[in-house]
Amino acid sequence: MAEKQYVKIFARFERFWHWTQAALVLGLLVTGARLHGLIGGFDWQAAFGLHLIMAGLIIVLWIFAIFWHFTTGQWQHYIPTFRNLRAVIRYYGWGIFTGETHPAKPTIRRKHNPLQRLSYLFLKLVINPAIWITGIMYLTVNLTGLDLFTVAWTHVVAAYAMAIFVVIHVYMATTGETVSAYLRAMITGYDWVAVDNDEAR
Amino acid sequence: MVTGMFTRPVRLMCMIASLLALASVAHAQMRESDTTADHSKFEALKGPFETGPDVTEACLSCHTEAAEQVQQSIHWTWEYEHPTTGQKLGKRHVLNAFCGNVASNEPRCTSCHAGYGWEDTETFDFTAQNKVDCLACHDTTGSYVKWPTEAGHPIYEPRDRKSAYRPYSEALLQENSDGSVTHMPPDLAQVAQKVGQPGRENCGNCHFYGGGGDNVKHGDLSSVLVSPDRHVDVHMSPDGANMVCTDCHTAHGHKWPGSRYLGTVKDSSAQMPGFRRSDVLSCQSCHSETPHEMASLEGLKLNDHTDRVACQTCHIPEFAKGGVATKTFWDWSTAGKLKDGKPYSVEDEETGHHKYLSTKGDFEWEQDVVPTYEFWNGVVEYTLLGERIDPDGVVGINRIHGSAGDADSVIYPFKRMTGRQAYDAVHEYLLLNNVYGPEGDTALWTNFDWDKSLAAGMAETDVPFSGEYAFADTEMWWPTTHMVAPASEALDCQSCHAKDGRLANLAGVYIPGRDGMGLTDRIGLLLLALALAGVLGHATIRVISASRRK
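These numbers come from a predicted model, not from an experiment.

**Student:** Got a minute to help me understand the overall build of chain B in this structure?
**Tutor:** Helix and strand content of chain B: 15 helices and 15 strands. Along the longest, intermediate and shortest principal axes, the C-alpha atoms of chain B span 115 × 65 × 50 Å. The buried share of chain B, reckoned over its 550 residues, is 35%. Counting only contacts in chain B whose residues sit at least 6 apart along the sequence, the fraction spanning at least 24 positions is 67%.

**Student:** Please clarify how unusual backbone geometry should be interpreted in this entry.
**Tutor:** Phi is mostly negative for residues that are not glycine, and the peptide bonds are mostly trans. Residue B:P48 follows B:G47 across a cis peptide bond; omega there is -5 degrees. Locating B:P48 in the fold gives a position in the loop between α1 (8-29) and α2 (52-60). If you check the backbone angles, A:N84 has positive phi at about 75 degrees while not being a glycine. When you line up the elements, A:N84 lands in the loop between α2 (44-72) and α3 (85-98). Positive phi, normally seen in glycine, also occurs at B:D340, with a value near 55 degrees. Within the secondary structure layout, B:D340 lies in the loop between β6 (326-331) and β7 (345-347).

**Student:** I keep staring at the nonpolar core and nothing clicks. Help me out?
**Tutor:** Nonpolar side chains in soluble globular proteins tend to be buried together. All names here are of chain B. Membership of the largest hydrophobic core comes to 69 residues, with the highest contact counts inside it found for V410, Y412, A422, Y423 and L431. Secondary structure elements with two or more residues in this core: β9 (361-366), β10 (372-376), β11 (380-382), β14 (410-424), α13 (444-447), α14 (450-459) and β15 (469-479). Each residue touching L431, except ones within four places of it in the same chain, is listed here: A422, Y423, D424, L454, G457, M458, F465 and Y469. Within the second largest apolar cluster, 22 residues are counted, among which are L135, C137, V145 and Y168.

**Student:** How should the interface of chain A and chain B be read in this particular structure?
**Tutor:** By a widespread convention, an interface's size corresponds to the accessible area lost as its parts come together. Listed by partner, the interface residues are 26 residues for chain A and 28 residues for chain B. Element by element, the count of residues in the side of chain A that touches chain B is highest for helix α6 (residues 148-172) of chain A, at 12 residues.

**Student:** Could you clarify how one ought to interpret the environment of B:E50 in this entry?
**Tutor:** Residues and elements named next belong to chain B. Residue position: E50 is located in the loop between α1 and α2. Given 11 C-beta atoms within a 10 Å radius, E50 is considered exposed. Separated by 138 residues in sequence, E50 and L188 place their C-alpha atoms 7.7 Å apart.

**Student:** Explain the packing of helix α4 (residues 114-139) of chain A against α6(A) to me, please; I cannot follow it from the model alone.
**Tutor:** If you want to describe how two helices pack, look at the angle between their axes and the distance between the axes. Residue and element names in this part refer to chain A. Remark: α4 packs on α6, axes separated minimally by 9 Å, with the N-to-C direction vectors making an angle of 145 degrees. Note that α4 runs across α6; the crossing there is left-handed. Contacts between α4 and α6 involve L123, I127, A130, I131, T134, G135, M137 and Y138 from the first element and V151, A152, T154, H155, A158, A159, A161, M162 and F165 from the second.

**Student:** Teacher, can you tell me more about the sheet that holds strand β5 (residues 181-183) of chain B here?
**Tutor:** Strand pairing in a sheet is mediated by backbone hydrogen bonds. Such pairs are either parallel or antiparallel. All names here are of chain B. With antiparallel pairing, the three strands of this open sheet are ordered in space as β3-β5-β4. Two strands in the sheet have a free side with no partner beyond their single neighbour: β3 (159-161) and β4 (173-175). Across the sheet, the mean angle from the axis of one strand to that of its neighbour is 30 degrees, orientation sign disregarded. For β3 and β5, the ladder comprises three bridges, and the chain directions are antiparallel. By the bridge assignment, R161 is partnered in β5 with V181.

Parameters and conventions
Residues numbered from 1 in each chain as written. Chains lettered and ligands numbered in written order. Predicted model: local features only at pLDDT ≥ 70, side-chain atom pairs only at ≥ 80, totals over all residues. Helix = DSSP H or I, 4+ residues; strand = E, 2+ residues; numbered from the N terminus. Buried ≥ 20, exposed ≤ 12 C-beta atoms within 10 Å, placed from the backbone. Contact = placed C-beta atoms within 7 Å. Core = buried A, V, L, I, M, F, W, Y, C linked by C-beta atoms within 7 Å. Axes fitted to C-alpha atoms, helices over the stretch in contact; angles between N-to-C directions. Left-handed = near helix turned anticlockwise from the far one by under 90°. Pairing = 2+ DSSP bridges.

Bear in mind that shape data such as this cannot, by itself, settle questions of function.
Take a look at the structure:
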């Protein structure tokens, strides 16, 4: 029977990917807000240059990450499931306040709970591609002859979705057994999870 | 096309290489005469010559077709049929926002005609070949200057002047004991023997002084361009490319490309390595439509702009540079006021510029002027004589065509000249004035009587004048294309990509950084705020419930 062990659940590449992506997304949101005229405070031209550089980097990173997910089989962590979903939602809406334990027990084979699976899948299949594709459309708008405002609009809408994801994601990271538990796991790679003995390494 | 055989980078490299080669040759040779003819050795040019037309006849004895060519150019005809609007334009026909009109003022205005003796439009013989002025453009001595009021002639006898205004160069001036200055006539034989290709000064003698003074009219054409520093004009500066006007306005048979009535705002003509089309004048003729560095994202993005933003927009951040101001406002309605029966003037204490003249009214002058930006497709339409105006609005002396929705229009910089000008209060059209004419009793500048001035101006035309007049607000658009700054001084992105930037008022176009997205932004920000509020609320409940459980 499984017992909780302190094991590595986030590989080195996964952590590198996560934190690099986090920095780039934040940088892109800030420079994007400057380019869109929502904030001021620094040079528009510099924001433009940084935005393009970071966009290029994050695309390269995503290409590596997609490759990694498929070659390692880690993509299976994002297969959506509705089993236990209701319980998880109920936990975040109620149980978390009354001191219940989390209904989903992470294992090495299922390190994400059903809500995480759905939201990360949404990020990876909807928000990320949307922002990536509309960004490339924005950059090449003069070659394609598409309407500048329409392209800009789709990119901005995707950016708002990304910003909202970031806010919720950052907050959800504080909902582990302790406020910093998930954060520590994402940094060190290790967490207490249910492990079948033969899985432990 | 031969160019089709090459890929773009190859073509670009060829172009750069050949341009570099051309440039070095040009620099070594262009400014020194490499002509095969020494005009001082020509028998026909030995002189002496009594008048300008005598010199012209000598020129034509070899250059047999020159007069015919000049007589077909706008420099001679002052007439231009607009291919798009069909309007008959040219100095002979249009009204402007400066001295107004040529009709009835000929001997003054025609001092800049490329000919001799246009004193009256009805009687001047536009086919007389010896009336073509060769020397105005081909003098290289600097001593040949058309006298301001002699209908295109220089002076042929010494002339005394008491006023401070000295049209001739120092070498031809003699100070007299009574304070007057004697202007000596230029030595026509010497001038004729030293003719050459036109330099900046030749063109400038007229084009820098349009509107009655240095840089008054264009704003981007002033005496500073005779020898500008790089900041003022990177092309014409002796420290820059040291180009002359005809390096861009390439003459063929005495016709020059470049027009303010029909500007070339786009030029996708094929670029042959080392060659350019000489019948089209645009920045692109030499610089191509993709002039920025292709190897950088910034360069690529800048190249993305060239289909909708004119080169001039970013590369001429200001005009009227180098210390010579341009007139930006001219209120004719106040002209004619006298003090103790005499005309007077009011000067600006700081700049010394006239703020008021009894002859001309009130002015405003500006230096280092930030242009006004509008979409333009190159077409300019005029309010012609007899055309009905709305005197309650701002009357466009001319109007620029184009819009954001028109793919052939680009954002272009302009000098927007404003003022107040006379119109017929009954018929509601603009009026011609007679301002110049020292002998008669009608000229405004001599008699200060608007009724007589307008009646005399209109008498030159078939358009009736009711005798009643008033003054309307006017505006006139002058495309800005000279005084190109070095690349390092070109506008930054945020000059326009900003809420309060240079294009703050340009309508019909989405400019990132200038324009938000209204409802989309409000909804997006609201959802973001709700997400923030949601997590903060959730966190608060967590903290409170956790402390209660303890």
